[in-house]
Structures are given as structure tokens and as C-alpha cells.
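# Geometric and topological summary
One letter stands for each residue in the lines below.
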Amino acid sequence: MSIIQSIDVKKWYGDFQALKGITMDVAEGEVLVICGPSGSGKSTFIRCINRLEQHQDGQIIVDGIELTNDLKNIEAIRSEVGMVFQSFNLFPHLTVLQNITLAPIWVRKKSKSEAEEKAMELLERVGIPEQADKFPGQLSGGQQQRVAIARALAMEPKIMLFDEPTSALDPEMIKEVLDVMKELAQSGMTMIVVTHEMGFAKEVADRVMLFDEGQLVEQNTPEEFFNNPESDRTKLFLSQIL
Amino acid sequence: MADNVNIQESPPEVQFAGVNRWLRENLFSSTGSAILTFVSIGALIGLFRSIIGFFISPEREWTAITYNLRLYMVQAYPESDFIRVWITIGLVMGLLGLTWGFNSVNEKSSLKSTGTTLMKVFSSLFLLVLIAPTSVVIDKVEGTVVDVFQQELRIYLLAVLAGLILVSYFIRTKLASQEVSKDYLNIGYVGLLVVSIWLIKVPTVTFDSSNVRIEPDPLLPLAASTKNPWTALYLLLVVTFFIGRYLNSKNLTSFKRILPVSWLLTPLVVVTWIYRKPDFTLSQITTLDLPVILGFSAIGYLVINYLNSEKLMQYQRYFVYGSLIIAVVVFSLPVLRQLKLLFFLLWILISVAPTIANSKESARSLFIVWSVAITILILLMRGGTSETLIVVPGSSIYGGFALTWVLAFFGIAISFPFGVMLALGRTSSLPIIRIICTAIIELVRSVPFITWLFFGSVMLTFFLPAGVEFDEVVRAVVVTSIFSAAYLAENVRGGLQSISKGQFEAADAVGLSTLQRISLIVMPQALRAVIPPIVSQVISLFKDTSLVAIVGLFDLLYIGSKVIPNQSQGANFLGTIQENILFCAIFYWIFTYSFARRSMKIEKRLGLGER
Ligand SMILES: Nc1ncnc2c1ncn2[C@@H]1O[C@H](COP(=O)(O)OP(=O)(O)OP(=O)(O)O)[C@@H](O)[C@H]1O
Ligand SMILES: [Mg+2]
């Protein structure tokens, strides 16, 4: 049973076609890594999944709900899909704890104490409970990204989207974020991760995909993908980054 | 073992290296700067000498101000109705005390900073007394010199001030580590102000039975006729402060919502109680007001508790549109004004209740707020719509500082929400709203304020339905707030633009609705970013209120520049323009400067921990 289904999804920015018909699906509990050269439409595609971008043709069905312009559907989807951004996008005027409890209180209508309890649990899980009362600006990049993961998890999503979560980080901080993501993958979360961390892909992913020029070029298990790439495009890409 | 890596070092303390070194480094670092220092010190002394000389010269009629203080404050407001002004100020004071106490964080401050402040103040006074001129020239042509400042007085004052400086130095050094509550310190400062209106005596003008001025002018306390009410108000402030603190310690969350609502309602109290003579009759209240209040409370209860149920939630938008249509229909019907307003409020309640009343707790406090608010509103409107205006000589009952204050306060209070809405509208993605808001902003900004004042004064009546007339003051308030809203909107828009796209996306991604995104994420950050321009806008609004004199209103400056210098009956103050203008300038300065100081502090506090 697939939790995300994408059928021939197309997307244009003006005259420029960013997605040229993406058909794929993601099973529940699967960890999917998307890689590909810059400008190939990776971000555009995963942002379509929680409708930060609108696709113009084709269908996206998330957890049985089709993404249309209906506001109710969009809100339903967004509370089931967590997203972690390359540039963290924490709310700078709120403390770490407030960042995490905001959506549970206002969207999920939880009581403040309940939300805070859950938030502390999550901070524990990402390893920074002692930073709860600081402001985002007082944290290191790696810590900020872990807060962002906790913020997304606080909504108890079924699916987590990661758009290059480590590419704005210094090398020594990348590991702490990847560790959190690995733990999350092992706990059975459905994840779509856009990343250039091939080590992470090899170790954790169930499937790896290559995007190029708005198209899905190749998808396979990590072993096959890295050791036996089918298309020339994949071989070229791998030779460039490995 | 050299294993002491974990020792935390404290940062080195910055020490004051001594007067000598400071002087050398800052004032006499080179020959050029030494010359500059001497010259400017000389020039400053000369300047201050002549300013002080101007103030204490016997040519100055300062009694023009002390005698006319009431005119300055409230112009022609009838004395028999002063009690209502005091009651209103009392209400505001009480609310202020409650809010202050309720939000008090028990901040401590060391006596060192207090001592430093006091020392600065006393030393400046000491210097001023030291350089004050002994005599001044009063007749430029003849060169007549009169003594104005006896040496004995100077020495006496210098001794007193020196003593005070020593005391504050003692506080600064010996008691430096002592901590005092900031709240008590502030209560103490206000207390000092109150004491000073009893102790500081100034010359005033008095008349004997045949209306002849008695010379020499007797010395009376600064606020001779208002010192009792002010003292009572001060005590009220202190008492409500402690009540507020007590309530805070009891953790009353609903009080947290009642306070801002009460502040929103104070302008209405001010208007209805100072502007009109409300005549309440018991029968009206029991047969009309009470049923309306109970009815709308009940409707509010249903809305708050049942509209967010699963079943009704999906029809939410129909409820919102439906109630808006009802409100518009009711508005056009010939019914009580109270009902017209209430239906609009109900529409707002229906739109926001499902979002705000998300738990049992918040539903209950929202209900309390709703009921209290409509009760107060209905009673206020009963007072406000009664026709018995106070009759006064002159074009308007407001004048003097009261008018300046009313214009500034209402101008800011109304323009703020309006400006924020215009800014949001101008950045909206809906083209109609965007065009309308842009048009309003550009139209208002591109015509001078004075033109708009004239417009409000002479042309507004053409645009209003027949029979509707506004008082001159109300028109000035409307014009002021619209004008300032347009500028505010542009400031806020600047703030909106400073917010990155990522913030919007993050808010969307966690599932916030549009309204929540704006009120919880976007606006708080946008407003924080534009505090400095907003503060300077508020300051300039406060000063620009003096322009209303042009449409015949008697504001503070007009009284100072035109009214008092022309007084010849009773006391003769013909031509006392210098004193009055100076007084007005100082008055404006005190208000704007303390406002600027306060906002600097707020800015510092908000900036803390950010970025
Ligand atoms: N808002 C936009 N307006 C116009 N073009 C856009 C916009 N966003 C993306 N594009 C274009 O769409 C294409 C795909 O962009 P996308 O951000 O999805 O690439 P990407 O695969 O995530 O690349 P990167 O690895 O650099 O993040 C790019 O060519 C980009 O220039
Ligand atoms: Mg990208």
C-alpha cells in the first residue's frame, strides 16, 4: 500500500518546465533518497507533495487524499507531512520550545502543558533538551536543524520530507543531524530525503532515485544504484560526486 | 596534571581608568582637539549663561504660565464637570496600576545605576547654578543692568547640591551591591513627582475683592488646585499595583485577556464620560439593555462552545458569510445603534471563535471576555448616545493639552490597526484588495496634512448622509488617524518585506492557517523590525497635532502662541509670547523625549535573544 502516489506530475515556472512528468510511489515506512544535479527539480518535486508548490498537470495522492486547490485537503495533508528545509526556517522571535509547540497548540488544539511535554520529549530525542529556552539565533546550525526536525515531528506526521537538510552545515555538524535522521528512519517513519550525502543513502535508504532535467531517470535499491547503475546519466552523475 | 580544560573563565571587567586618562584620551588627544575642547567649553558656558539669564530675567512674566495652567490643560472645560475628568483619569490610572502589577516581573536593579543617574542630575544642576549669571541686561539700548541672582543664594544652592551629590556618590559606591525592586523604584520616582507638586512653589497671580491684581505675586504650590486629586490618583495607582500583583500570584489566566480588552474600551469611556453627560435611567437599563446583554451573551456562549464541533466546523464559512449579511442588513434597518454594533461584533466572534476557543479553558475565558465586553459597550453606548452634551463657550469643549492628547492618543490607537490592515492589503495576493489599499495609501500620502484637515473640516459633511454631523474634534481625529495610517502602512510594509520567504513556507508546512500565519509568525517579526520608524512616526504625529489650530481648534501651541499673549482682562499678559512658546516647547519635549526613552527600552528588551 503506497502512502504517496505521483502520477505524471508536471510543473512549469512560466515557460520553463521544471517537472516533466514524474510517476512514482512511496510505500509506508519507506526511506527514499532523491539525488540529482542542481536545477533538476528535486526541491520542486518534494515541495509539490505538501503543496508549497502547485503542480499543473497529473495527480499527487497523499495518504488517500488527492492534492487539489481545496483548502481543506491542503490543510489535512500539511498536518500529516512534516518538512525540514535546507535553511532551517525556524521562527526567530520564538524560543526553541515555542517553535516546537506552536503548531500542536494552534493546529492540533493541544493544551499548552501537553504540547510542552511532548516538545521536551522530542528535544530529548534529537539530543538538545538543554536548549529549550534559547532563541534560534543562539544555536549552532546543527542544533537549529535538529530543532527544525523536532518541530516537524511535533505534529506527529506520517511522512517527513527533507530538502537538503545538511547542505548548509559545517562538516562536523552534518553527522549530528544525519544521526537523528537515521534514528528516525529506523523507527519506521516514511521519509523522502533530497540529499547529496551518498553515505547516508547507502546506509539508510530503501530506494534511491536520480532526477535530471525534471525527469526521473533511474530508481533502484542503493546496492544496485551505486554498484550497477543502468543509465549513462546515472554513471556520469555518480562519477562526478563520488 | 594539566587537565584543567573545563575551568570557566569570567570575562575581564571593564574598569574606569580614571578621570585623567579619560580626559587625555577623549578631549586632549592632540593639539587640535585640545583647542577645539577649550573653544567649545567656552561657547557652551556662554550659551547656557544666556539661556539661564533669559529664564531668570525680571522681564519674564512666568506668571503668564502659572496663572493659565488650567487653560493650557483643558481650555474651557467647565469646572463643575471636572469631577468626571478626574473619575476618568482615575479609571485609567487604576487600569494602569493593575496592568503594571499584573505584568510585573519583579526585576531588580542595583542601586549603583540609580546612584549614577542621581549623580548626573545633581552635577548638571550644580554646574548650571555655578555658571548662572549674577546680573542681566534688560534694556538693550540703555544697557540697564539688574541683579537677578544673589551670591548668598548661589552659595546656598551650591552647598545643597553638593550635599546631594555626596549622598548619591555614597549610594553609588557604598550601597552599590544593594538591590532594589525596579517597581518600587518607579513608584518612588512618581511619588517624588507628587511630593514636588506640593513642595515646589511658584509665583501666581491673585486678585483682591475689587478685581485688582495683588502685588507681589504670592508663591503657591505648582499644582495648587489639583494637588489633592493627583495625590489621590497616585495612591490609587499604588494600591491597584499591589492588587494587580496579588492577582498575578493567583495565576488568573482570564484576567490576562480582560486587561487588553479593558484598555481597548478605555477610549470609549473617555469619550462618553468626558464628552457627554450620560443620563442613565433604571427602566431603560432593565427593559432594554439587560435583555440585549443576556441575549447576546447566550448567543455568544453557543457560538463559542458549539461552532468548533466537528459537525458544524465544515459549515464555518457559511456561518461567517451569513452573519456578515445579517449584520449588514441589521445595520441598514432603523433599530437601536447598540444592535447594529452587536451584530457586527457577533460576526467577528463567529469568524474567530473556532480558532481561539480551542480548549475548554480558552472557551471559558473567551466567553467571559465576550460577556464583559458587550455589557460595558452597551452601557457606554447608552451614555454616549444620550443627547446632553456639555455646553461650553468656544467652538469645542476640548482644548489645550487635553485636545493634543486626545488627538495623539486616538490618532495612534485608530491608525495602528488600520495601518496594519492597509499594509497587509497592499501586499495581499487578491488584486482588488491590493488596488484599493494602494490607492488609499497613495492618495492620502500625496496630499498635505493641512489640506486633509481643511477637507475634514469643511468638506466631509458633503460626503456623509444627511443629518449625520461630527464634531470638529471628531473630524480632526478621523483625519489624523487616516493620515497617519497611510504612513504607518508603508512602515509596516517595509517590515513585511524584511521577512524571508522561508518563514512563510515554514508556517505553511507546519499547517498554520493564513490568519495564524499572519498573526503568529509574520506580524510579530514585521513589527519588531520597524519599531524605530514607527516610534518616530508616533512622535511626529504627536507634534503635528498642533496643526489642527488651522481649522479653529485650540490646541496647546495655539493657546500658547495666540490666546495667552492676547489676554488683557484680569491679569495682563499682553505680549508674553516668549515665555509661552518656551513652555510649549518644553512641554512637547518632555512628552516626546520620555516616549522615545521608553521605546528604546522596549526595543532593547525585544531585541534580546534575537539573532
Ligand atoms: N520560483 C521559481 N521561479 C522560476 N523558476 C524556478 C523557481 N524555482 C525553481 N525554478 C527553476 O526550476 C528548476 C528546478 O529547481 P529546483 O529548485 O527544484 O532544483 P533542485 O533540483 O532542487 O536544485 P538544487 O540541488 O540546486 O537545490 C531550476 O532550473 C530552477 O531554476
Ligand atoms: Mg533544491
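Residues numbered from 1 in each chain as written. Chains lettered and ligands numbered in written order. Predicted model: local features only at pLDDT ≥ 70, side-chain atom pairs only at ≥ 80, totals over all residues. Heavy atoms only, no water.

This brings us to the overall build of chain A. Secondary structure summary: chain A contains nine helices and ten strands in total. Its C-alpha atoms give chain A a radius of gyration of 18 Å, within 12% of the compact-globule value 18 Å for 242 residues. Taken along the three principal axes of its C-alpha coordinates, chain A extends 55 × 45 × 35 Å. The burial tally for chain A puts 56% of its 242 residues in the buried class. (Helix = DSSP H or I, 4+ residues; strand = E, 2+ residues; numbered from the N terminus. Rg over C-alpha atoms; globule rule 2.2 N^0.38 Å. Buried < 20%, exposed > 50% of the residue type's maximum accessible area, 1.4 Å probe, protein only.)

Attention shifts here to the overall build of chain B. Scanning chain B from terminus to terminus reveals 24 helices and six strands. Taken along its principal axes, the extent of the C-alpha atoms in chain B is 100 × 85 × 50 Å. Looking at chain B alone, contacts between residues at least 24 apart form 76% of all its contacts between residues at least 6 apart. Of the charged side chains in chain B, 46 are positive and 35 negative; the average position of the first set lies 8 Å away from that of the second. (Contact = heavy atoms within 4.5 Å. Lys, Arg positive; Asp, Glu negative; His and termini not counted. Charge placed at Lys NZ, Arg CZ, Asp CG, Glu CD.)

Residues and elements named next belong to chain B. Its domain assignment divides chain B into domain 1 (19-72 + 105-221) and domain 2 (395-611). Between domain 1 and domain 2, the C-alpha centre-to-centre distance is 34 Å. Taken together, the contacts link 17 residues of domain 1 with 19 residues of domain 2. Around 1400 Å² of area is buried between domain 1 and domain 2 when both sides are counted, 70% of it from carbon and sulfur atoms. (Domains from an automatic or database assignment. Buried area = accessible area lost by both parts, 1.4 Å probe.)

All names here are of chain B. Taken N-terminus to C-terminus, the directions of helix H16 (residues 400-426) and helix H22 (residues 531-544) make an angle of 145 degrees; their axes are 9 Å apart at the nearest point. In the packing of H16 onto H22, the handedness of the crossing is right-handed. For the pair H16 and H22, the contacting residues are Phe401, Thr404, Ala408, Gly411, Ile412 and Phe416 in the first and Ile534, Val538, Leu541 and Phe542 in the second. Considered class by class, the residues forming the contact of H16 with H22 number eight nonpolar, two polar and no charged. (Axes fitted to C-alpha atoms, helices over the stretch in contact; angles between N-to-C directions. Left-handed = near helix turned anticlockwise from the far one by under 90°. Nonpolar A, V, L, I, M, F, W, Y, C, P; charged D, E, K, R; others polar.)

Turning to the environment of Trp86(B), a few remarks are in order. Residues and elements named next belong to chain B. For tryptophan 86, the position within the fold is in helix H5 (residues 82-103). The spacing of tryptophan 86 and serine 513 is 427 residues in sequence and 45 Å in space, taken between C-alpha atoms. Those residues within four positions of tryptophan 86 in sequence are excluded, and the remaining contacts are Thr226, Pro229, Trp230 and Leu233.

Taken as a whole and assessed by the stated rule, the structure comprises 25 salt bridges over all chains. Glu53(A) serves as the salt-bridge partner of Arg47(A), at 3.1 Å between the closest nitrogen and oxygen. Exposure class is identical for Arg47(A) and Glu53(A). Each is buried. In this structure, Lys182(B) engages Glu107(B) in a salt bridge whose closest nitrogen and oxygen atoms are separated by 3.3 Å. (Salt bridge = Lys/Arg side-chain N within 4 Å of Asp/Glu carboxyl O.)

Residues and elements named next belong to chain A. Near ligand 1 the following residues occur: Tyr13, Phe16, Ala18, Pro37, Ser38, Gly39, Ser40, Gly41, Lys42, Ser43, Thr44 and Glu164. The side chain of tyrosine 13 places a nitrogen or oxygen atom 3.4 Å from a nitrogen atom of ligand 1. Contacts to ligand 1 include threonine 44, whose side-chain N or O atom sits 2.4 Å from an oxygen atom. Protein contact buries 60% of the 630 Å² of open area that ligand 1 shows by itself. Taken together, the elements giving at least two residues each to the shell around ligand 1 come down to strand S2 (16-27) and helix H1 (42-49). When residues in the shell around ligand 1 are grouped by element, the largest group, three residues, is from H1. Its residues placed into classes, the shell around ligand 1 shows four nonpolar, six polar and two charged. (Near = heavy atom within 4 Å. Polar contact = N/O pair within 3.5 Å; in protein donor to acceptor, adjacent residues only side chain to side chain. Areas by Shrake-Rupley, 256 points an atom, 1.4 Å probe, with all protein chains shown as cover.)

All right, on to the interface of chain A and chain B then. Taken together, the contacts link 24 residues of chain A with 25 residues of chain B. Interface of chain A and chain B: buried area, both sides summed, is about 2300 Å²; carbon and sulfur atoms make up 61% of it. Interface area lost by chain A to chain B is led by His93(A), Trp106(A) and Lys109(A), which between them contribute 28%. Summed over the shared surface of chain A and chain B, the number is two salt bridges. In this structure, Asp508(B) engages Arg78(A) in a salt bridge whose closest nitrogen and oxygen atoms are separated by 3.9 Å. Joining chain A to chain B, the criterion identifies six residue pairs in polar contact (both at pLDDT 80 or more). Residues of the side of chain A that touches chain B, tallied by class, amount to 14 nonpolar, five polar and five charged.

Attention now goes to a negative patch on the surface. Negative charge collects at one region of the surface, where Glu114(A), Glu117(A), Glu121(A), Glu124(A) and Glu130(A) lie side by side. Relative to the assigned elements, Glu114(A) resides in helix H4 (residues 112-126). (Patch = residues over 30% accessible without salt bridge, like charges linked within 9 Å, V, L, I, M, F, W, Y side chains within 5 Å.)

Let us look at the packing of aromatic side chains. Residues and elements named next belong to chain B. Enumeration according to the criterion identifies 28 aromatic pairs over all chains in this entry. Ring centres 4.9 Å apart and planes at 55 degrees place the aromatic pair tryptophan 100 and phenylalanine 241 in the tilted group. Note that tryptophan 100 is positioned in helix H5 and phenylalanine 241 in helix H9 (residues 227-249), a separation of 141 residues in sequence. On the basis of relative accessible area, tryptophan 100 is assigned to the partly exposed category, the value being 23%. With a centroid separation of 5.8 Å and an interplanar angle of 80 degrees, the aromatic rings of phenylalanine 331 and phenylalanine 344 are classed as edge-to-face. (Phe/Tyr/Trp six-rings, centres within 6.5 Å; stacked < 30°, edge-to-face > 60°.)

This brings us to the sheet that holds strand S5 (residues 65-66) of chain A. All names here are of chain A. Reading across from one edge, S2-S1-S4-S5 is the order of the four strands in this open sheet, with antiparallel pairing throughout. Lying at the two open borders of the sheet, with one neighbouring strand each, are S2 and S5. As paired elements, strand S1 (residues 2-13) and strand S4 (residues 57-62) share five bridges and run antiparallel to each other. Counterpart to serine 6 in the pairing with S4 is isoleucine 60. Here H1 sits on the sheet and contacts S1, S2 and S4; the angle it forms with S2, its principal contact strand, is near 60 degrees. (Pairing = 2+ DSSP bridges.)

Attention now goes to the nonpolar core. Residues Ile100(A), Ile149(A), Met160(A), Phe162(A), Met181(A) and Met191(A) are the most contacted members of the largest nonpolar core, which totals 48 residues. Here this core takes eight residues from helix H6 (residues 171-186) of chain A, the largest share from any one element. Setting aside anything within four residues of it in sequence, one finds Met160(A) in contact with Gly82(A), Val84(A), Ile149(A), Ala152(A), Leu153(A), Leu184(A), Met189(A), Thr190(A), Met191(A) and Ile192(A). Among the nonpolar cores identified, the runner-up in size contains 39 residues, and Val9(A), Val62(A), Val510(B) and Leu520(B) belong to it. (Core = buried A, V, L, I, M, F, W, Y, C linked by side-chain atoms within 4.5 Å.)

The next subject is the side chain of Ser181(B). Residues and elements named next belong to chain B. Here serine 181 lies in strand S4 (residues 179-181). The class for serine 181 is buried, based on a relative accessible area of 7%. Among the polar contacts listed, one links the side chain of serine 181 to the backbone nitrogen of aspartate 183, at a separation of 3.2 Å. Setting aside residues up to four positions removed in sequence, serine 181 forms contacts with Glu107 and Lys108.

Residue and element names in this part refer to chain B. One can find methionine 73 in helix H4 (residues 69-74). Since its relative accessible area comes to 26%, methionine 73 is described here as partly exposed. Along the primary structure methionine 73 and serine 536 are separated by 463 residues, whereas in three dimensions their C-alpha atoms are 25 Å apart. Sequence-distant contacts of methionine 73, defined by excluding residues within four places in its chain, comprise Gly399, Gly400, Phe401, Ala402 and Phe587.

Here we take up the layout of surface pockets. All names here are of chain B. Volume-wise, the second largest pocket comes out at about 620 Å³. Around the second largest pocket, the lining comprises 13 residues; the ones closest to its centre are Ile52, Ile56, Leu125, Leu128 and Val129. The set of elements that each furnish at least two residues to the lining of the second largest pocket consists of helix H2 (31-56), helix H6 (111-131) and helix H7 (151-173). In terms of residues, the lining of the second largest pocket owes the most to one element, H2, which gives five residues. Counted by class, the lining of the second largest pocket contains 13 nonpolar, no polar and no charged residues. (1 Å grid on protein atoms, 1.4 Å probe; cavity = no way out; pocket = protein on both sides within 12 Å on 5 of 7 lines; lining within 4 Å. Points joined across faces, edges and corners; volume = space filled by probe spheres on them.)

In this section: H16(B). Between its first and last C-alpha, H16(B) extends 37 Å over 27 residues, near the 39 Å set by a 1.5 Å rise per residue. At Ser415(B), H16(B) shows its largest kink, close to 30 degrees, and the proline Pro417(B) lies no more than four residues downstream. (Expected span 1.5 Å × (residues − 1). Bend = angle between axes of the 7 residues up to and from the residue.)

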